[in-house]
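The lines below spell out each chain.
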Number of protein chains: 2
Amino acid sequence: MLDAATELFMKQGYGAVSMDAVARAADVSKATLYAHFASKDALFATIVSDACCLDTVDEASFWADPADVGATLRLIGGRFLRYLLQPETLARYRVVVAESVRFPELGAAFWVNGPLAFRNRLAAWVVQQSEAGRLAADDPQVAAEQFIGLLRSGLFMRASLAVPPAPDSREIEATVEAAVTTFLRAFAPR
Amino acid sequence: MLDAATELFMKQGYGAVSMDAVARAADVSKATLYAHFASKDALFATIVSDACCLDTVDEASFWADPADVGATLRLIGGRFLRYLLQPETLARYRVVVAESVRFPELGAAFWVNGPLAFRNRLAAWVVQQSEAGRLAADDPQVAAEQFIGLLRSGLFMRASLAVPPAPDSREIEATVEAAVTTFLRAFAPR
DNA sequence: GTCTATAGAAGGATAGAC
DNA sequence: GTCTATCCTTCTATAGAC
């Protein structure tokens, strides 16, 4: 039931999905649906809030090669960008952005559990690498944010707007490589 | 009539706006509306396509101080980021992202006239500065994209998601300053 | 808890007069 | 070109039986 609603809302957005459609997809009656969720808003909020517990980049990637900053950035960057460009990720992003004004808690939940959480995790890694003398970042939060910005630019915007062609592996790897290069030029200890 | 529709669609999105509401806001009857636009889809497409002729950063900014790369980057970056964070810009972005799947031409028009156009203009500037020996960018397109990414990171995402607080001048200037610093570390001739 | 059936409102679109 | 009035569909939500 939640699964069916999730798929519909993510693919088509709040306005385009009716409670009839959800009931049909979940193979229950509309009355049953309303027995579990007070309203369409409540169902939508539940669905999307649940989907905000994101797992962008697995913890192991941060520890794969602690001594090699470039390799770790390439690994993390690749994982992150690939994650961003997944159809499900893009669909969720579209829905949340679209409804963030009418459902402010939703935008906030997404922000805190998604972009902000990843930035903080990355910033912690930057701190750690700086202490080890392998990076020289005055402000780890800014450095982390900038690395994310370097990755997200271009491909993600194009994909969010559903402009073909869909990014291929070559484009993704080139973007990651360029991001790592620029990041290291700015933050490698000299 | 177009004005009323534009305001409503941009503020509330496609699904939340009815033709009744547009007619009321424009102070005409629904029949009159349908005499000018074949359907709600057609009205929406017209509205948003028109709004895609963006003017992100005025041409003069690119020529304000040709010899000073840092100053020009700060000027352009500031203008661009401020533009991105305007309520109207954010509203338009939300609508286009939300409906880009159901209205592909719309996402494409926005992409071409907005992000892509600005990136190309910026890349042309990078070429020019590189030829003058004031920048050293192997790939101007990538450099331009990266500068935009450095600017767009963080604040724009938060603002898109309508997460308070709204970015203030201090945050904006700090972001621009950090972007310029990182960009120059990566692309200043050595 | 789950169903069928339906209320009640709102939406997109049109007919036909002026 | 513009209006009033209306058609028909679809939507959210609920009543009441099992």
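In what follows, the accompanying structure is described. (Residues numbered from 1 in each chain as written. Chains lettered and ligands numbered in written order. Predicted model: local features only at pLDDT ≥ 70, side-chain atom pairs only at ≥ 80, totals over all residues. Heavy atoms only, no water.)

1. Side note on the overall build of chain A
Scanning chain A from N- to C-terminus turns up 11 helices and 0 strands. The N-to-C order of helical and strand elements in chain A reads α-α-α-α-α-α-α-α-α-α-α. Summarising its shape, the C-alpha atoms of chain A cover approximately 65 × 35 × 30 Å along the three principal directions. The 190 residues of chain A split such that 51% are buried. (Helix = DSSP H or I, 4+ residues; strand = E, 2+ residues; numbered from the N terminus. Buried < 20%, exposed > 50% of the residue type's maximum accessible area, 1.4 Å probe, protein only.)

2. Some points on the protein's contact with DNA strand C
Of all residues adjacent to DNA strand C, which total 13 residues, the nearest are T32 and H36 of chain A together with M19, K30 and Y34 of chain B. Within 4 Å of the protein, the atoms of DNA strand C are drawn from sugar and phosphate moieties in a proportion of 54%. For DNA strand C, a base nitrogen lies 2.6 Å from a polar atom in the side chain of K30 of chain B. Among the elements of the structure, α3 (30–36) of chain A together with α3 (30–36) of chain B are those that each provide at least two residues to the surface near DNA strand C. (Near = heavy atom within 4 Å. Polar contact = N/O pair within 3.5 Å; in protein donor to acceptor, adjacent residues only side chain to side chain.)

3. Section: the relation of the copies chain B and chain A
The two copies are related by a screw operation: chain B maps onto chain A through 180 degrees of rotation and 0.0 Å of translation along the axis, at an RMSD of 0.1 Å. Expressed as an axis order, the relation between the two copies is that of a two-fold axis. Mapped onto chain A, 97% of the interface residues of chain B are again interface residues, and the two copies thus contact each other with one and the same surface. (Least-squares fit on C-alpha atoms with pLDDT ≥ 70 in both. Contact = heavy atoms within 4.5 Å.)

4. Structural notes on the packing of aromatic side chains
All names here are of chain A. Considering all chains together, one arrives at 18 aromatic pairs over all chains under this definition. Taken together, the aromatic side chains of F9, Y14, F44 and F103 make up a single cluster linked through ring pairs. The side chain of R121 reaches across the aromatic face of F62, ending 4.0 Å from its centre. (Phe/Tyr/Trp six-rings, centres within 6.5 Å; stacked < 30°, edge-to-face > 60°. Lys NZ or Arg CZ within 6 Å of the ring centre and 35° of its normal.)

5. Brief notes about the packing of helix α8 (residues 104–131) of chain B against helix α9 (residues 140–152) of chain B
Helices that pack against each other are described as a pair by the angle of their axes relative to one another and the distance between those axes. Residues and elements named next belong to chain B. At a minimum axis separation of 8 Å, α8 and α9 run at an interaxial angle of 120 degrees. One way to sum up the angle between α8 and α9 is to call them oblique. Viewed along their axes, α8 and α9 form a crossing whose handedness is right-handed. Between α8 and α9, the contacting residues are F118, R119, N120, L122, A123, V126 and V127 on the first element and P140, Q141, A143, A144, E145, F147 and I148 on the second. (Axes fitted to C-alpha atoms, helices over the stretch in contact; angles between N-to-C directions. Parallel < 35°, antiparallel > 145°, perpendicular 65-115°, else oblique. Left-handed = near helix turned anticlockwise from the far one by under 90°.)

6. Focus: the protein's contact with DNA strand D
Around DNA strand D lies a shell of 14 residues, among which M19, K30 and Y34 of chain A together with T32 and H36 of chain B are the nearest. Here the atoms of DNA strand D within 4 Å of the protein split so that 55% fall in sugar or phosphate, with bases taking the remainder. The separation between a phosphate oxygen of DNA strand D and a polar side-chain atom of T32 of chain B is 2.4 Å. A distance of 2.7 Å separates a phosphate oxygen of DNA strand D from a polar atom in the side chain of H36 of chain B. Its residues assigned to classes, the surface near DNA strand D shows 6 nonpolar, 5 polar and 3 charged. (Nonpolar A, V, L, I, M, F, W, Y, C, P; charged D, E, K, R; others polar.)

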